[in-house]
Amino acid sequence: MKKILFSIAAIAMLVGCGSKDDDTPPNGGNGTTTLTTQSDYLPTKKVKTITCKSIIVEIDYTGGAPAPSLESALEPSLNGQKFVAKTLNFAYEYDEKGRIKKITRKEEGKSDNVKTFIYGDSSVKITFPNEDTGGIENREVGLNAAGNMLGLGTYDSNQRLTKGSRGDFEWTNDNLTKISEKRNWRGKVTTVANQLSYNNNLNKNKFLLYNFEGDAVTSYAQYFDFQIGWIQGVAPKNLLQKMVLTEDGTVLNYTYNYTYTFDTDGFVKTINETRNARAGSNTGLGYFTDADYLTKLNTLITNIQNGTEKSKKYQLVSDKSDEKVFDIIIPIKVEKDKNGKTIDLIVNKVARHTFKLKTKNGTQVVDDIRIDISYNSDMTTTYQLNY
């Protein structure tokens, strides 16, 4: 539930910066060609309940699990990760103008998690539980003249979010297609971006998924827990089909795919959300040169490519004159969650190798090698929407 908890922390931080100052809304429209009022941003059909079935990852941070090592880099080890099958139920209540006024999240073994929204002419008062302290937070968020919440980002003249707290938003053909952020880590500037693509189905539900963390891929579970209640400008025209995380244009191991079914009115009935996403934090083994490891690695790659090794995969990421990057992917089958429930999950341990190359005496040689270990899993979360 870390991502859901983060959404609560994010609203607590952001709405404190929101004011009741007005953004100039677009001229004309009245909901036909240009969106000008709150009702234009709301779905005409209201979802009442959503059931979410998912698998979450628990990481052992106590130090009891062995850390990834060079010796275990190519072995099928999970390093303290455990998996839990979860069912969440969300229920929604609406005010007389069709705005969400109450969200209730129910989770087995826990008290109900309740958020409320009370709208005034120029602001909305939001209450929500602080799951770190156990207390109740109260925030008042300003609304612009078009009825959109301030403090969540910057709106353009068409009332589309163009900048969040830590990212720039790009829109193409009425869809939000990119969220990017520049980062400076020890003097090296990189650009982390979420690349979003869409299917041809109209987004009648007005879903608007985006992230706060730059490298966090937002799921529908986070959206349905809180963000669905935020009135935050124009939603994408079509339904989200895929999100991919990149760093300086290189695809990272954070990918979400979405498929949908629909009711007779064209509203979403079910969602399948399949993610090849981080199941544990990356662990860098640092730069090294080790002749025994290189011999083992070369033998493994040769066996993968000639078909004698079928339990592991080799994948080239980039091949430049001074650097070569490739992954050794080790699928690990997890049949039971920590409570003994059958989950039949494949976790991919990814050992990313970065070879730095140089020319010595007219010959290209390996200067040093870096290995980064990450754990990614093709997990599917299902959502059932009821109206």
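Above: the structure in question.
Residues numbered from 1 in each chain as written. Predicted model: local features only at pLDDT ≥ 70, side-chain atom pairs only at ≥ 80, totals over all residues. Heavy atoms only, no water.

S.K.: Would you explain unusual backbone geometry in this entry?
M.R.: When glycine is set aside, most residues are seen to have a negative phi, and most peptide bonds are trans. At Lys 206, a position not held by glycine, the phi torsion is positive, near 60 degrees. The residue Asn 361 is not glycine, and still its phi comes out positive at about 55 degrees.

S.K.: Would you mind going over the environment of Lys 102 with me for this structure?
M.R.: You can see Lys 102 is positioned in strand β3 (residues 100-107). With 26 residues separating them in the primary sequence, Lys 102 and Phe 128 have C-alpha atoms 10.0 Å apart. Look past the residues within four positions of Lys 102 in its chain and what remains in contact with it is Ala 91, Tyr 92, Glu 93, Val 114, Lys 115 and Thr 116. (Helix = DSSP H or I, 4+ residues; strand = E, 2+ residues; numbered from the N terminus. Contact = heavy atoms within 4.5 Å.)

S.K.: What exactly am I supposed to notice about the pattern of salt bridges here?
M.R.: Close approach of charged atoms allows side chains of opposite charge to pair. Counted by the stated rule, this structure contains 19 salt bridges. With a shortest N-O distance of 2.8 Å, Asp 263 and Lys 45 are connected by a salt bridge. On the criterion of sequence distance, the pair formed by Asp 263 in the loop between β13 (250-262) and β14 (268-288) and Lys 45 in the loop between α1 (2-14) and β1 (49-59) is long-range, its members being 218 residues apart. We note a salt bridge from Glu 107 to Lys 86, for which the minimum N-O separation is 2.8 Å. With Glu 107 in strand β3 and Lys 86 in strand β2 (residues 81-94), this residue pair connects regions lying 21 residues apart in the sequence. The network of salt bridges with shared partners includes Lys 45, Asp 263 and Asp 265. (Salt bridge = Lys/Arg side-chain N within 4 Å of Asp/Glu carboxyl O.)

S.K.: How should the nonpolar core be read in this particular structure?
M.R.: Buried together is how nonpolar side chains tend to be arranged in soluble globular proteins. Counting residues in hydrophobic clusters, the biggest one holds 52 residues, and the most contacted among them are Phe 207, Tyr 220 and Phe 224. For this core, the element with the most residues is helix α2 (residues 220-225), which contributes 4 residues. Setting aside residues up to four positions removed in sequence, Phe 224 forms contacts with Ile 50, Phe 90, Tyr 92, Ile 103, Phe 207, Ile 271 and Tyr 383. Among the nonpolar cores identified, the runner-up in size contains 26 residues, and Leu 78, Leu 345, Ala 351 and Met 379 belong to it. (Core = buried A, V, L, I, M, F, W, Y, C linked by side-chain atoms within 4.5 Å. Buried < 20%, exposed > 50% of the residue type's maximum accessible area, 1.4 Å probe, protein only.)

S.K.: Whenever I open this one, the pairing of strand β11 (residues 188-202) confuses me. Can you help?
M.R.: Where a strand is regular, its side chains alternate between the two sheet faces. Sheet topology note: the strand β10 (residues 175-185)/β11 ladder contains 8 bridges and is antiparallel. When the sheet's bridge partners are listed, Glu 181 is paired in β11 with Val 192. Count of turn residues in the β10/β11 antiparallel hairpin: 2 residues, of which Arg 186 carries a positive phi of about 55 degrees. (Pairing = 2+ DSSP bridges.)

S.K.: Looking at this model, I keep getting lost on the packing of aromatic side chains. Mind explaining?
M.R.: Working definition: an aromatic ring pair is given by the centre-to-centre distance plus the angle between the planes. Considering all chains together, one arrives at 19 aromatic pairs under this definition. Between Tyr 220 and Tyr 258, the aromatic rings sit 5.4 Å apart at their centres with planes inclined by 85 degrees, giving edge-to-face as the arrangement. On the criterion of sequence distance, the pair formed by Tyr 220 in helix α2 and Tyr 258 in strand β13 is long-range, its members being 38 residues apart. Judged by relative accessible area, Tyr 220 falls into the buried class, the value being 0%. Plain terms: the ring middles of Phe 226 and Trp 230 are 5.4 Å apart, the flat faces sit at 70 degrees to each other, and that makes the pair edge-to-face. By the burial criterion, Phe 226 is buried, and Trp 230 matches it. Chaining the aromatic ring pairs together yields one cluster made of Phe 207, Tyr 220, Tyr 223, Phe 224, Tyr 256, Tyr 258, Tyr 260, Phe 262 and Tyr 383. (Phe/Tyr/Trp six-rings, centres within 6.5 Å; stacked < 30°, edge-to-face > 60°.)

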